[in-house]
Amino acid sequence: MIKKTVLPVTVKSKGQKATCNIKIERKKMKNIDLLRKICQTPGAPGFEQKIRALIINEVTPYADEVTVDPIGNVVALRKGKEHKKVMVAAHMDEISFMVQFIDDDGYIRFLPLGGFDPKTLTSQRVIVHGKKDMIGVMGSKPIHLMKPEERNKAPQISDFFIDLGMSKKEVIKYVSLGDPITRERKLIEMGDNVNSKSIDNRVSVFILIEALKELKDKVLPYDLYGVFTVQEEVGLRGGISATHKIDPDFGFGLDTTIAFDVPGAQSHEKVTSLGAGTAIKLLDKSVISDPRMVRYLKEQADNHNIKWQPEVLPAGGTDTAAIQKFGKNGAIVGAISIPTRHIHQVIEMANKSDIRNSIDLLKVAVSNLDKFDWSH
């Protein structure tokens, strides 16, 4: 039997806290070191142990109760004045790989965990998480040896292998079938942006943690469940189980979205642009945001001078869909999205002011739900 873990949290009396109609102070994004640590900590779908431990350590001082459910979701509960339920979901897993086969020469064949753009994998470093962490290189056939038809063909995941620089005898001392593999990339700052592996969706993990910190001394109208979900990249699995258990009245997905604001993009293809503000989701392939929630988020952003842009995404999906589909009684759902360039590639990029605006919108959104007319 799997035992639910409830972590002890010291709870302060909330009787003297400020009212929930909070005033947003205009802040710049801070705590880059925490975002760096979150992005660089490994957590392939189904193997989220290390990133989960980091999240628990960060959120425990700012929640009334922290639990880990059987599938591995971290649920940070802040109790509100009334017992309606608000769920905010940010997935902790990252697109990764799994060891599928080790050939006679020690080269590793692998399967993707989540969707990758294969053309970005050439000669990239990865970390194979076996009995110890080992650096490998994504290898493929040299262009010099390719036939003309091979050169013109789009690369496939199956064209690649991982080279650990060791014989099979050495490799199998440390690596087994089923071991997870993550990308080896550090977070750097580039102008007004951050650039790293796993911005999707570690930036949302960061945003939810920072929002919980900044809401610590605020009275919330309803119970707030900050859920750091597992296995989103392979089918919204953690989000589905958490929603079924919590059965929220209101739900917010917190995830990245495409910013195709680059040379060659047509206006209708951009979806969002870096630096144009946090994004309010109207639609993606998996969800149509509740029009009431869209109207509410727009109103909150405008009332609090939070820069925002609309998001209409013709593909993809997030835990927003899990919240909408899998509650027992239904939930009013929407999503706050973080514009991201180079998404589902080796590195991804987000804008610091967009991140800050996303924190601010999430804070006012969960704080003022009782002040909106949800009847129409």
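Residues numbered from 1 in each chain as written. Predicted model: local features only at pLDDT ≥ 70, side-chain atom pairs only at ≥ 80, totals over all residues. Heavy atoms only, no water.

## Observations regarding a nonpolar patch on the surface
Where we set the bar: Grouping into patches uses exposed residues only, defined as over 30% relative accessible area, and leaves out salt-bridged ones; the cut-off is 9 Å for like charges and 5 Å for nonpolar side chains (Val, Leu, Ile, Met, Phe, Trp, Tyr). Accessibility throughout is a Shrake-Rupley quantity obtained with a 1.4 Å probe, and a residue counts as covered only by protein chains that appear here. Any carboxyl oxygen of Asp or Glu within 4 Å of a side-chain nitrogen of Lys or Arg constitutes a salt bridge here. Counting from the N terminus, the helices are DSSP H or I runs at least four residues long and the strands are E runs at least two residues long. Buried means the residue's accessible area, taken with a 1.4 Å probe over protein chains only, is under 20% of the maximum for its type, while exposed means over 50%, and partly exposed covers the values in between.
On the surface, Leu283, Ile288 and Val312 cluster together to form a nonpolar patch covering roughly 260 Å² of accessible area. Tracing the sequence through the fold places Val312 in strand S17 (residues 308-312). Using a relative accessible area of 49% as the deciding quantity, one classes Val312 as partly exposed.

## Looking at the packing of helix H6 (residues 237-246) against helix H8 (residues 319-326)
Quick note on the threshold: Helix axes are fitted to C-alpha atoms over the stretch in contact, other axes to C-alpha atoms as well, and angles between N-to-C directions run from 0 to 180 degrees. Take the far helix as your reference; a near helix turned counterclockwise from it by less than a right angle gives a left-handed crossing, and one turned clockwise gives a right-handed crossing. Contacts are assigned to residue pairs that have any heavy atoms within 4.5 Å of one another. When residue character is reported, Ala, Val, Leu, Ile, Met, Phe, Trp, Tyr, Cys and Pro are called nonpolar, Asp, Glu, Lys and Arg charged, and the others, Gly included, polar.
Two elements in contact, H6 and H8, have axes whose closest approach is 8 Å; the angle formed by their N-to-C orientations is 35°. H6 and H8 meet at a crossing whose hand is right-handed. Residues Gly239, Ile240, Thr243 and His244 of H6 lie in contact with H8, whose contacting residues are Asp319, Ala322, Ile323 and Phe326. The class makeup of the residues in the contact of H6 with H8 is four nonpolar, three polar and one charged.

## Brief notes about helix H7 (residues 291-303)
What counts here: One less than the residue count of a helix, multiplied by 1.5 Å, gives the span that helix is expected to have.
Along its 13 residues, H7 runs 18 Å from first to last C-alpha, staying within 8% of the 18 Å computed at 1.5 Å per residue. On its buried face, H7 sits against strand S14 (250-258), strand S15 (278-284), S17, strand S18 (332-341) and helix H9 (352-367). At the C-terminal side of H7, Asn305 shows a positive phi close to 55°.

## Side note on the packing of helix H5 (residues 199-214) against H9
Using the following cut-off: Angles are sorted into four bins: roughly parallel if under 35 degrees, roughly antiparallel if over 145, roughly perpendicular if 65 to 115, and oblique for all others.
Interaxial distance between H5 and H9 falls to 9 Å at its minimum, and their mutual angle equals 50°. Looking at the two axes, H5 sits oblique to H9. Classified by chirality, the crossing of H9 by H5 is right-handed. Contacts between H5 and H9 involve Val203, Phe206, Ile207, Leu208, Glu210, Ala211 and Glu214 on the former and, on the latter, Ile355, Arg356, Ser358, Ile359, Leu362 and Lys363.

## Overview of unusual backbone geometry
With an omega of 5°, the peptide bond running from Asp200 to Asn201 counts as cis. Looking at the element boundaries, Asn201 is found in helix H5. Not every positive phi belongs to a glycine, and Asp247 is a case in point at roughly 55°. On the secondary structure map, Asp247 appears in the loop between H6 and S14. Judged by relative accessible area, Asp247 falls into the buried class, the value being 15%. You will see that Asn305, though not glycine, has its phi angle at about 55°, which is positive. With respect to the element layout, Asn305 can be found in the loop between H7 and S17.

## Considerations on the pairing of S18
Where we set the bar: Two strands form a pair only when DSSP identifies at least two bridges running between them.
The buried fraction of S18 amounts to nine of the 10 residues, a majority that puts the element mostly inside the structure. Pairing geometry for S15 and S18, over two bridges, is antiparallel. Within S18, the residue paired with Ala279 across the bridge is Ser337. Bridge analysis of S18 against strand S19 (residues 348-351) gives two bridges, and the strand direction is antiparallel. Looking across to S19, one finds that Thr340 is bridged to Ala350.

## Observations regarding the pairing of strand S7 (residues 125-129)
Across the five residues of S7, four count as buried, placing the element largely inside the fold. Of the pairings in the sheet, the one linking S7 to strand S8 (residues 133-139) comprises five bridges and is antiparallel in character. Residue Ile127 lies in a different strand from S8, and its bridge partner there is Ile135. Counting the residues that bridge the hairpin from S7 to S8 gives three residues. Judged from the three bridges that link them, S7 and strand S10 (residues 180-183) form a sheet pairing that is antiparallel. Paired with Val128 across the strands is Ile181, a residue of S10.

Just geometry here; none of it tells us what the structure is for.
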